[in-house]
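In case you want the letters, here they are:
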2 protein chains.
Amino acid sequence: MPDHNTRFKDFLELRGFKLTRSRKLILDAAFELHEHFDAEKLHDSLKGLNVSLATVYRTLPLLLDAGLIQLAMRSEGRDRFEHILGHPRHVHWICENCKQVFETNLDELVPRIEVAAKAQKFEINHINISISGLCWKCRINANESQ
Amino acid sequence: MPDHNTRFKDFLELRGFKLTRSRKLILDAAFELHEHFDAEKLHDSLKGLNVSLATVYRTLPLLLDAGLIQLAMRSEGRDRFEHILGHPRHVHWICENCKQVFETNLDELVPRIEVAAKAQKFEINHINISISGLCWKCRINANESQ
DNA sequence: ATCCTTAATGAGAATCATTTGCAACCAGCT
DNA sequence: AGCTGGTTGCAAATGATTCTCATTAAGGAT
Ligand SMILES: [Mn+2]
Ligand SMILES: [Mn+2]
Ligand SMILES: [Zn+2]
Ligand SMILES: [Zn+2]
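All values reported here derive from a predicted model rather than from experimental measurement. (Residues numbered from 1 in each chain as written. Chains lettered and ligands numbered in written order. Predicted model: local features only at pLDDT ≥ 70, side-chain atom pairs only at ≥ 80, totals over all residues. Heavy atoms only, no water.)

### Notes on unusual backbone geometry
Glycine aside, residues mostly have negative phi, and peptide bonds are mostly found in the trans state. Backbone geometry at A:Lys99 places phi at a positive 65 degrees, although glycine is not the residue there. Of note, the phi angle at B:Asn50 is positive, near 55 degrees, even though the residue is not glycine. The residue B:Asn50 is located in the loop between α3 (39-44) and α4 (53-65) in this model. What makes B:Asn50 exposed here is its relative accessible area of 73%. (Helix = DSSP H or I, 4+ residues; strand = E, 2+ residues; numbered from the N terminus. Buried < 20%, exposed > 50% of the residue type's maximum accessible area, 1.4 Å probe, protein only.)

This is the structure we're talking about:
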């Protein structure tokens, strides 16, 4: 059984929640998508399995609490998530023009953040760093057309 | 005339937009609020001045484009903004329990981010760093009750 | 200062992601 | 197999944000 499955099982047990068919399917779908996803995309990937969109919405907070997924960003009016296990922490670079999202390693920034956390006795649960601007392709186009 | 006023005027002129009564009022209100605000709070601070909420929503993107305000965070389903001029860049530490927001200086992290930006030829427009977890007060309470 | 053109506004309706109510269901335990 | 309280699908509700449209008012021209 994959790591994330046992982790979800343990989490639910601890909370007194039940491991249901829908929850299993949603978790697996979240780990089969190797890109950012919103509730609807996750639901689409379960087409034909009779899992309701409402249940997807209800399960997302559980996966968040369990530390299995995280909110990657909010764009175009929707929350976009990504699964965590197996994906190292990273920075999101979002091009305001073409909306593409690039990722870079976050490790080098973490020690400095942890120092700041210690200074104020803050217990870090989740670090979100997103940087918006123009990707190199869109910079070139912007220069050409000016 | 305050710095932000001339800046807004110039911005609107450059874009061929008009400097209207409502826009002036909204800008001033945004700089009189010295805390994070959402559209409704900004609108409330204009109570009695006959500025519609729709116009507040329409003006927010202008202030963003003009670099006068920035999206600080999204919480409880609403976008929260803050004015920029006079406020140095900072990290947001959000307590998941009491929802309080703390701020720390961001300058030490910026050089590293800029190196990463250069490496991928990304033009930074806005850096957003928010860290969620537990503030020191809520950590104590969490320990006591366990 | 008055005209003119056209963008901007207020008010309310519309949109749409997310949440919720509820009756039927089912996971976990005896 | 029988209980029981959590869970689900479905549909309706919610609420932040956007849009429509008739009316108003910037601001350049006269
Ligand atoms: Mn990512
Ligand atoms: Mn702030
Ligand atoms: Zn781009
Ligand atoms: Zn707290």
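### Describing helix α1 (residues 3-15) of chain A
A turn of α-helix holds 3.6 residues, and therefore any two residues three or four places apart point the same way. All names here are of chain A. For α1, with 13 residues, the first-to-last C-alpha span of 19 Å sits near the 18 Å given by 1.5 Å per residue. For α1, the complete set of buried residues consists of His4, Asn5, Phe8, Phe11 and Leu12. Viewed along the axis of α1, the buried residues span an arc of 130 degrees, placing them on a single side of the element. Exposed residues lying more than 90 degrees from the buried face of α1 are Asp3, Glu13 and Leu14. On its buried side, α1 packs onto α2 (21-32) and α4 (53-65). (Expected span 1.5 Å × (residues − 1). Arc of directions from axis to C-beta. Contact = heavy atoms within 4.5 Å.)

### Concerning the relation of the copies chain A and chain B
Taken together, a rotation about one axis and a shift along it account for how the two chain copies relate. Superposing chain A onto chain B requires a rotation of 179 degrees together with a translation of 0.0 Å along the rotation axis, leaving an RMSD of 0.1 Å. What we have between these two chains is a two-fold relation. Considering only C-alpha atoms, the part of chain A nearest the rotation axis is A:Ile129, at 2.3 Å. (Least-squares fit on C-alpha atoms with pLDDT ≥ 70 in both.)

### Thoughts on the protein's contact with DNA strand C
Taken together, 21 residues form the shell around DNA strand C, and within it A:Tyr57, B:Thr20, B:Asn50, B:Thr55 and B:Arg58 come nearest. Among the atoms of DNA strand C lying within 4 Å of the protein, the sugar-phosphate backbone contributes 69%. Between DNA strand C and the protein, one listed contact pairs a base nitrogen with a side-chain N or O atom of A:Lys18 at 3.2 Å. B:Arg58 has a polar side-chain atom sitting 2.7 Å from a base nitrogen of DNA strand C. (Near = heavy atom within 4 Å. Polar contact = N/O pair within 3.5 Å; in protein donor to acceptor, adjacent residues only side chain to side chain.)

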